[in-house]
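# Examination of the molecular architecture
Okay, here's what each chain looks like letter by letter:
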Amino acid sequence: MTLKLYTMNSILQHDLNDFENILEKAKQQGINFLNNLNNVPTSNKNTIDLVNNLNEFGLGSIEALKEFNERLAPLMVSSPGPRYLGFVTGGSTPASIVGDWLASVYDQNTQAVKAQGGVSALIEFETINLLLQLLELPDSFLGGFVTGATMSNFTSLGVARQWFGKQLGKDFAKNGISETINILTATPHSSSIKCLSMLGIGSQNYTTVKTIEGNREAIDLHDLEENIQKLSSKPFILISSAGTVNTADFDDFDAISKLRDKYNFWWHIDAAFGGFAAVSEKFKHLVEGWEGADSITIDCHKWLNVPYESAFYLIKKEHGNLQIETFQNSNAPYLGNPLENFNYLNVLPENSRRLRALPAWFALRAYGKEGFKDIVENSTSLALHFGNALIATESFELLAPIRLNNVCFTLKGSHNQEKVGEFLNIVNDKGKVFMTPTVYKGRKGIRASFVNWRTNEEDIKIIIEELKTSILDLEI
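Right, let's walk through the structure included here. (Residues numbered from 1 in each chain as written. Predicted model: local features only at pLDDT ≥ 70, side-chain atom pairs only at ≥ 80, totals over all residues. Heavy atoms only, no water.)

Now for the overall build of the chain. The helix and strand tally for the chain stands at 14 helices and 11 strands. Pairs at least 24 residues apart make up 72% of the contacts formed inside the chain by residues separated by at least 6 positions. When the accessible area of the chain is evaluated, it comes to approximately 22,900 Å², of which 52% is carbon and sulfur surface. Between the centroid of the 43 positive side chains of the chain and the centroid of its 54 negative side chains there is a distance of 2 Å. (Helix = DSSP H or I, 4+ residues; strand = E, 2+ residues; numbered from the N terminus. Contact = heavy atoms within 4.5 Å. Areas by Shrake-Rupley, 256 points an atom, 1.4 Å probe, with all protein chains shown as cover. Lys, Arg positive; Asp, Glu negative; His and termini not counted. Charge placed at Lys NZ, Arg CZ, Asp CG, Glu CD.)

Quick look at the structure:
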């Protein structure tokens, strides 16, 4: 019998032969988009027919790119741009784009330091080490990259769940949750609550601690201790904040650290964007004492300004066995013994992962401590400038002090509360600036978050002008 030799699909073969030209066209398209960011709308109402027929033989990369430009490119907004102030979204720096592109080119599966996955895990180790240096955190933490704050919180709280079980002599990872898990928190991010749901703890099964009186979102330490004492020496998990979403408020980490001497709890800090306060001498006091936490969540696609799907968790090395118990692939002999050789797939949710650390590695090596200090301090300065400009218009009022980079404001006068949503829609629909709605202390408001490395004073002028004209459009 004659064996038929494999023949590559003709379209694939053509693309392989034309690879350089294909990548050149994609590169040029990317450059054109980034160079034109100031003119790309921050929102639009374009849409497409959601039913598209799959071509029998394929179009090839060049034709697919043409179709993308005709149908899909018009949907894109300038979320990496300087006036996109929603969702605490950083824009990708040149170095981080290089890292992201190369992560796709090298297409590594980041798992083990040895054997499976090659040595790409070494890059992740090094990147975590660089981040610890940037944030001035000790090397008693071990970290890894996940897709965002949600999965970072999930990873950290998953290990916290296992820790809680062990305090009671239970192995929740193997046998399931058999006890009520005590959670205390004051102003948790919605992703933390989502994680409680995904972890089987329950999205409503937590105790809300009071916040400090006045215009604050930080934990009231007196009320926290009262709630702890009600637990009658039972273990608990504390979820605290380094930068709340509305007002970028911080819990008192030094005070929380002192509570560790009296009570038995797992301390988790959601520092998705606020953790980067550590890079500035002006703001590092906000995170003093956070090195005592058991776990920390930080996003890179926020203030580190790398492409989306980039965050990391930090968990104390002393909890390494708990982490392996939570995430190990114990029923896969081909992956080796999880206790003998470090393998990322045994310490975080995903088995297969791209080289997600590479964009952050490039950014850190390219811009160093000084570069990120400048980005943080520029953002916070612009937030203050924007807040002052809002007040000067006499049409707006701040809902809270500007503590870092988030500006939480509303239309002036209680009689305008019902118009806030309509006003924000008018602003966003114009496509020059994008901000998100919020509710703060029972009042409807608007949140503007400054994290993008491109934003400058000229952008503030444009934003203020857009707000002024939208006020006229609303006829307030």
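On the secondary structure map, N388 appears in helix α12 (residues 358-393). N388 sits 88 residues away from C300 along the chain, and the two C-alpha atoms are 29 Å apart.

It is at 9 Å that the axes of helix α6 (residues 149-167) and helix α8 (residues 190-198) come closest, and there the two elements cross at 50 degrees. Accordingly, the angle class assigned to the pair α6 and α8 is oblique. Crossing angle aside, the handedness with which α6 passes α8 is right-handed. Facing α6, whose interface residues are A149, T150, N153, F154 and L157, α8 presents S191, S192, K194, C195, L196 and M198. Split by residue class, the contact of α6 with α8 holds six nonpolar, four polar and one charged. (Axes fitted to C-alpha atoms, helices over the stretch in contact; angles between N-to-C directions. Parallel < 35°, antiparallel > 145°, perpendicular 65-115°, else oblique. Left-handed = near helix turned anticlockwise from the far one by under 90°. Nonpolar A, V, L, I, M, F, W, Y, C, P; charged D, E, K, R; others polar.)

With that settled, consider the pattern of salt bridges. Following the criterion strictly, the structure yields 23 salt bridges and no others. With a closest N to O distance of 3.6 Å, D374 and K373 form a salt bridge. Residue D374 is classed as partly exposed on the basis of its relative accessible area, which comes to 41%. In this structure, a network of salt bridges that share partners links the residues E370, K373, D374 and E377. (Salt bridge = Lys/Arg side-chain N within 4 Å of Asp/Glu carboxyl O. Buried < 20%, exposed > 50% of the residue type's maximum accessible area, 1.4 Å probe, protein only.)

This part takes up the sheet that holds strand β4 (residues 236-241). Consider a sheet: its strands pair through backbone hydrogen bonds, and that pairing is either parallel or antiparallel. Strand order in the open sheet formed by seven strands is β1-β7-β6-β5-β4-β2-β3, and the pairing between neighbours is mixed. Each edge of the open sheet is held by one strand with a lone partner, namely β1 (141-146) and β3 (207-208). When strand β2 (residues 183-185) meets β3, the two strands line up parallel, connected through two bridges. Looking at the pairing, T185 lines up with T208 of β3. (Pairing = 2+ DSSP bridges.)

Moving on, we get to a negative patch on the surface. Taken together, the side chains of D252, D254, E288 and E291 present a region of like negative charge at the surface. When you line up the elements, E288 lands in the loop between β5 (265-270) and β6 (295-299). Given a relative accessible area of 44%, E288 falls into the partly exposed group. (Patch = residues over 30% accessible without salt bridge, like charges linked within 9 Å, V, L, I, M, F, W, Y side chains within 5 Å.)

What follows deals with the nonpolar core. Of all hydrophobic cores here, the largest spans 56 residues; its most connected members are W290, I296 and L304. No other element matches the six residues that α12 contributes to this core. Ignoring any residue separated from it by four or fewer positions in sequence, one finds I296 in contact with L137, F141, S152, S156, H268, I269, A271, W290, F312, Y313 and L314. V146, F172, I183 and I237 belong to the second largest nonpolar core, which has 28 residues in total. (Core = buried A, V, L, I, M, F, W, Y, C linked by side-chain atoms within 4.5 Å.)

Turning to the sheet that holds strand β11 (residues 443-449), a few remarks are in order. Taken in spatial order, the four strands of this open sheet run β8-β9-β11-β10, and their pairing is antiparallel. The sheet is open, and its two borders are formed by β8 (396-398) and β10 (436-440), each paired with just one other strand. Neighbour to neighbour, the strand axes of the sheet diverge by 45 degrees on average, direction disregarded. Across three bridges, the pairing between β8 and strand β9 (residues 406-411) is antiparallel. Across the sheet, F396 pairs through a bridge with L411, a residue of β9.

Here we take up unusual backbone geometry. One non-glycine residue with positive phi stands out, namely A248, at about 55 degrees. With respect to the helices, strands and loops of the structure, A248 is situated in the loop between β4 and α10 (253-259). Of the residues examined, A248 reaches a relative accessible area of 1% and is grouped as buried.

Throughout the structure, instances matching the rule amount to 13 aromatic pairs. With 5.8 Å between their ring centres and 35 degrees between their planes, F87 and F434 make a pair best called tilted. One end of the pair, F87, is in the loop between α3 (61-72) and α4 (94-106); the other, F434, is in the loop between α13 (420-429) and β10, and 347 residues separate them in sequence. By relative accessible area, which is 46% here, F87 ends up partly exposed. The exposure class of F434 is buried, given its relative accessible area of 15%. Arranged with centres 6.3 Å apart and planes meeting at 55 degrees, the rings of W163 and W266 form a pair that is tilted. Of this pair, W163 sits in helix α6 while W266 sits in strand β5, placing them 103 residues apart in sequence. In terms of burial, W163 and W266 fall into one category: buried. (Phe/Tyr/Trp six-rings, centres within 6.5 Å; stacked < 30°, edge-to-face > 60°.)

Along the chain, T155 falls in helix α6. Accessibility expressed as a relative area gives 0% for T155, which makes it buried. For T155 and L467, which are 312 residues apart along the polypeptide, the C-alpha to C-alpha distance reads 40 Å.

Moving on to the side chain of N153. Following the sequence through the fold, N153 ends up in helix α6. One polar contact links N153 to S192, side chain to side chain, over a distance of 3.4 Å. A distance of 3.2 Å separates the side chain of N153 from the side chain of D270, its partner in a polar contact. In this view, N153 contacts S191, S192, C195, H268, D270 and T297; residues no more than four positions away in its chain are not counted. (Polar contact = N/O pair within 3.5 Å; in protein donor to acceptor, adjacent residues only side chain to side chain.)

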